[in-house]
Amino acid sequence: VDYVFEPDQVTDSAIDEAEGVRHVLRSLIKASLATFENSDAQYPELGWFHPSKMGLDNPDAFYQSAPVDLHHTYELSGNVGSVAYFGIALMSMSWGTGEVEMLRSINVAELAPDEHGDFLVTLSSHADPGDTGHPWFQLPEKRTSLLVRQFLSDWETEEVARMSLRCVDPDPVQSRISPDELVAKLGRVATEVNRVPQHWNDYYRQHISRGEVNSFEHIEPVPAEDVGALGGSTEQHYGEAWFEIGPGEALLVEVEVPDCV
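Residues numbered from 1 in each chain as written. Predicted model: local features only at pLDDT ≥ 70, side-chain atom pairs only at ≥ 80, totals over all residues. Heavy atoms only, no water.

Topic: the overall build of the protein chain
Thinking step 1. Broken down by element type, the protein chain carries 4 helices and 9 strands.
Thinking step 2. When its helices and strands are written in sequence order, the protein chain yields α-β-β-β-β-β-α-β-β-β-β-α-α.
Thinking step 3. Along the three orthogonal principal directions, the C-alpha set of the protein chain runs to about 65 × 55 × 35 Å.
Thinking step 4. Per-residue burial over the protein chain gives 36% buried out of 261 residues.
Thinking step 5. Relative to all contacts within the protein chain whose residues are 6 or more apart in sequence, the contacts with residues 24 or more apart total 71%.
Thinking step 6. As displayed, the protein chain offers around 15,900 Å² of accessible surface, 53% of which is attributable to carbon and sulfur atoms.
Thinking step 7. The distance from the centre of the 16 positive side-chain charges to the centre of the 45 negative ones in the protein chain is 8 Å. (Helix = DSSP H or I, 4+ residues; strand = E, 2+ residues; numbered from the N terminus. Buried < 20%, exposed > 50% of the residue type's maximum accessible area, 1.4 Å probe, protein only. Contact = heavy atoms within 4.5 Å. Areas by Shrake-Rupley, 256 points an atom, 1.4 Å probe, with all protein chains shown as cover. Lys, Arg positive; Asp, Glu negative; His and termini not counted. Charge placed at Lys NZ, Arg CZ, Asp CG, Glu CD.)

Side note on the environment of Arg166
Thinking step 1. In this structure, Arg166 sits in strand S9 (residues 162-167).
Thinking step 2. Look at Arg166 and you get partly exposed, because its relative accessible area is 43%.
Thinking step 3. Remark: the alpha-carbon pair of Arg166 and Tyr74, spanning 92 residues in sequence, is separated by 5.5 Å.
Thinking step 4. Ignoring any residue separated from it by four or fewer positions in sequence, one finds Arg166 in contact with Thr73, Tyr74 and Glu75.

Quick notes on the sheet that holds strand S8 (residues 143-151)
Thinking step 1. One open sheet holds the 5 strands; their spatial order is S1-S2-S8-S4-S5, and the pairing between them is antiparallel. Where the open sheet ends on each side, the last strands, each with one partner, are strand S1 (47-48) and strand S5 (102-107).
Thinking step 2. As judged from the 2 bridges shared by S1 and strand S2 (residues 61-69), these two strands associate in the antiparallel manner. Looking at the pairing, Gly47 lines up with Ser65 of S2. (Pairing = 2+ DSSP bridges.)

Digging into the pattern of salt bridges
Thinking step 1. Scanning the entire structure with this criterion turns up 6 salt bridges.
Thinking step 2. Between Arg166 and Glu75 there is a salt bridge; the shortest N-O distance is 3.0 Å. Here Arg166, found in strand S9, pairs with Glu75, found in strand S3 (residues 74-79); they are 91 residues apart in sequence, far enough to count as distant.
Thinking step 3. Of the residues examined, Glu75 reaches a relative accessible area of 23% and is grouped as partly exposed.
Thinking step 4. For Glu110, the salt bridge is made with Arg104, and the minimal N-O distance between the two is 3.1 Å.
Thinking step 5. Here Glu110 falls in the partly exposed class, since its relative accessible area comes to 29%.
Thinking step 6. Given the relative accessible area of 27%, Arg104 is considered partly exposed. (Salt bridge = Lys/Arg side-chain N within 4 Å of Asp/Glu carboxyl O.)

Digging into the packing of helix H1 (residues 14-37) against helix H3 (residues 179-209)
Thinking step 1. Packing of H1 against H3 brings their axes to within 9 Å, and their N-to-C directions diverge by 145°. Of the two elements, H1 crosses H3, and the hand of that crossing is right-handed. Of H3, the residues touching H1 (which contributes His23, Val24, Ser27, Leu28, Lys30, Ala31, Ser32, Thr35 and Phe36) are Leu182, Lys185, Leu186, Arg188, Val189, Glu192, Val193 and Pro197.
Thinking step 2. Of the residues that constitute the contact of H1 with H3, the class distribution is 9 nonpolar, 4 polar and 4 charged. (Axes fitted to C-alpha atoms, helices over the stretch in contact; angles between N-to-C directions. Left-handed = near helix turned anticlockwise from the far one by under 90°. Nonpolar A, V, L, I, M, F, W, Y, C, P; charged D, E, K, R; others polar.)

Digging into the nonpolar core
Thinking step 1. Residues Leu76, Phe86, Leu123 and Leu146 are the most contacted members of the largest nonpolar core, which totals 29 residues.
Thinking step 2. Only S2, S3, strand S4 (85-91), S5, strand S6 (118-124), S8 and S9 provide two or more residues apiece to this core.
Thinking step 3. For Leu123, the residues in contact, after removing those within four places along its chain, are Leu70, His72, Thr73, Tyr74, Leu90, Ile106, Phe137, Leu139 and Leu146.
Thinking step 4. If you look at the next biggest cluster of nonpolar residues, it comprises 10 residues, including Phe49, Tyr63, Ala89 and Val100. (Core = buried A, V, L, I, M, F, W, Y, C linked by side-chain atoms within 4.5 Å.)

Concerning the environment of Val100
Thinking step 1. By the secondary structure assignment, Val100 is in the loop between S4 and S5.
Thinking step 2. Judged by relative accessible area, Val100 falls into the buried class, the value being 14%.
Thinking step 3. Sequence separation between Val100 and Ala229 is 129 residues; the distance between their C-alpha atoms is 5.7 Å.

Written as structure tokens, this is what we have:
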């Protein structure tokens, strides 16, 4: 993590260095939990991302993820709640360790909830038999992750979606870890902790190098497929810039409210 203390950083204050170390430690927590405690794709849990911050996360969002292996078949069930936005993506989660692959994005309408908001869908590499009575999503036979995004506009009144993810054809459960598995998992944790914060560090420094400060004039619409290839939601538009304000200054942001959620 030497890059936290590199002298050519955009800022070099002791506070920024302390925040950099905290970011790395949060990455260690996230990587350890995902690798050791929620990595069994045949017995997955929809874990909440808290307390880890990473990349372009939204402070008004509730993020959950679980590993899935589409050599098996899964059922996702629950209630969609009443949040402003609710979407599901099946995508690789190896930010900074390889290309992101978006297999499928699913919105609320495709879940076909009933009048009470309850839904049941199947995720599988097998074809829809046509007699299940609920949505069936056929996907490539790959190991990937299921990511849930829920955006709230009123935390006091909106209800988040409640879901359960189940592998319908798992192998017998194995609760013990072998020495070889331990070493392999430690290697994956070390790789993610080393690369992911560095990835986002470099990502944001590019804005500085292009002079994208205190302005959004550089932002142009990005095709949905390109957004998905970067790990973003294909139903969102993204745009970033640094802000820099001095003593006695304020940053004024003006926007025409678009016709969207």
